[in-house]
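# Remarks on the overall topology
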Amino acid sequence: MSNFFSEWGPTILEGLIATLQMTAISLVISVILGVPLAILLVLTRKGGHAENKITYTIANAIINIIRSIPFIILLFFLIPFTKLVAGTTIGVQGVIVPLVVYCAPYIARLIESALLEVDKGVVEAYQSMGIATWKIIWFVMVRESRSAIILGLTIATIGLIGATAMAGFVGAGGLGDLAYQFGYLRFQPGMMYVTLILLIIIVQLLQSAGSLIARRLKK
């Protein structure tokens, strides 16, 4: 065991850092894009504050189409676009674009669902006081649904980690790339087991942290 880690320790650490980088960068960008998209869906849906059937139908259709495409297919389909935007299709930089395209609509849908769970009576009470729509969104709906939003983001982050593992097929680096390149192609089961254990630990820590934060925000 000590010989294994002395030989592969730096490589595993490098893969772990790459996975965390891909996840963190993609998550931040996806949240920046997904939150406004979720608010747009809530506002323009039937009965929303700014009901607009055309806008809602288009946004809703785009989200559904992207979410229906498996990430591995989306990854290869977006290679020309990724090359245009990022300048490369390999490494951490080369996988951010497809990860964001994959994750942002998912986050938008999760946050939309969380916002729609807010008691309509509470929203209507603030509306009757003449409070601006954007203030109701940010200071009432988001505040009331923050626990559900945290749980949704936790789920999205875990899904994103799974996507980074699949990104190893295009040389994105990370733990998935190590499992594929060494564990599968070079028949080194030790590397496969280590990467699997590390991914399980990361997911368990994220789920525990997300659940804890959600419980505290709900009080």
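Residues numbered from 1 in each chain as written. Predicted model: local features only at pLDDT ≥ 70, side-chain atom pairs only at ≥ 80, totals over all residues. Heavy atoms only, no water.

Bringing the confidence of the model for the chain into the picture now. Should pLDDT be low for a region, the predicted coordinates there are not to be read in detail. Summarising the model, the chain shows a mean pLDDT of 85, and 95% of its residues fall at 70 or more. Within the chain, helix H9 (residues 174-184) has the poorest average pLDDT of any element, 74, and helix H2 (residues 53-67) the best, 92. (pLDDT = per-residue confidence, 0-100. Helix = DSSP H or I, 4+ residues; strand = E, 2+ residues; numbered from the N terminus.)

Next up on the list: the pattern of salt bridges. As enumerated under the stated definition, the model contains 2 salt bridges in all. Arg 45 serves as the salt-bridge partner of Glu 112, at 2.9 Å between the closest nitrogen and oxygen. A residue pair is termed long-range when its members are at least 10 positions apart, and Glu 112 in helix H5 (residues 91-116) and Arg 45 in the loop between helix H1 (2-44) and H2 qualify at 67 residues. Residue Arg 45 is classed as partly exposed on the basis of its relative accessible area of 23%. Ionic pairing is found between Arg 109 and Glu 112, a salt bridge with its closest N-O pair at 2.8 Å. Here Arg 109 pairs with Glu 112, and both are found in helix H5, just 3 residues apart, close to one helical turn. (Salt bridge = Lys/Arg side-chain N within 4 Å of Asp/Glu carboxyl O. Buried < 20%, exposed > 50% of the residue type's maximum accessible area, 1.4 Å probe, protein only.)

On the surface, a cluster of nonpolar side chains totalling about 430 Å² of accessible area is made up of Ile 25, Val 28, Ile 29, Ile 32 and Leu 33. For Val 28, the location among the structural elements is in helix H1. (Patch = residues over 30% accessible without salt bridge, like charges linked within 9 Å, V, L, I, M, F, W, Y side chains within 5 Å. Areas by Shrake-Rupley, 256 points an atom, 1.4 Å probe, with all protein chains shown as cover.)

Glancing now at the nonpolar core. The biggest cluster of nonpolar side chains holds 39 residues, and the ones touching the most others in it are Val 95, Leu 99, Ile 111, Leu 115 and Met 141. Per element, the largest residue contribution to this core is 12 residues, and it comes from H5. When neighbours within four sequence positions are excluded, Met 141 is seen to be in contact with Val 42, Leu 115, Val 118, Val 123 and Ile 136. Counting residues in each nonpolar core, the second largest holds 9 residues, with Ile 161, Leu 175, Leu 178 and Met 191 among its members. (Core = buried A, V, L, I, M, F, W, Y, C linked by side-chain atoms within 4.5 Å. Contact = heavy atoms within 4.5 Å.)

Another aspect to go through is the environment of Gly 130. In this structure, Gly 130 sits in the loop between helix H6 (120-128) and helix H7 (133-144). Linking Gly 130 and Arg 109, residues 21 residues apart in sequence, is a C-alpha distance of 28 Å.

Here the focus is helix H10 (residues 189-218). For H10, with 30 residues, the first-to-last C-alpha span of 43 Å sits near the 44 Å given by 1.5 Å per residue. Inspection of H10 places Met 191, Val 194, Thr 195, Leu 199, Ile 202, Gly 210 and Ala 214 among the buried residues, and these make up the whole buried set. (Expected span 1.5 Å × (residues − 1).)

With their axes 8 Å apart at the nearest point, helix H8 (residues 146-166) and H10 run at an angle of 170° to one another. Put simply, H8 runs roughly antiparallel to H10. Here H8 contributes Arg 146, Ser 147, Ile 150, Leu 151, Thr 154, Thr 157, Ile 158 and Ile 161 to the contact with H10, which in turn contributes Leu 199, Ile 202, Val 203, Leu 206, Gln 207, Gly 210, Ser 211, Ile 213, Ala 214, Leu 217 and Lys 218. When grouped by side-chain class, the residues that make up the contact of H8 with H10 number 11 nonpolar, 6 polar and 2 charged. (Axes fitted to C-alpha atoms, helices over the stretch in contact; angles between N-to-C directions. Parallel < 35°, antiparallel > 145°, perpendicular 65-115°, else oblique. Nonpolar A, V, L, I, M, F, W, Y, C, P; charged D, E, K, R; others polar.)

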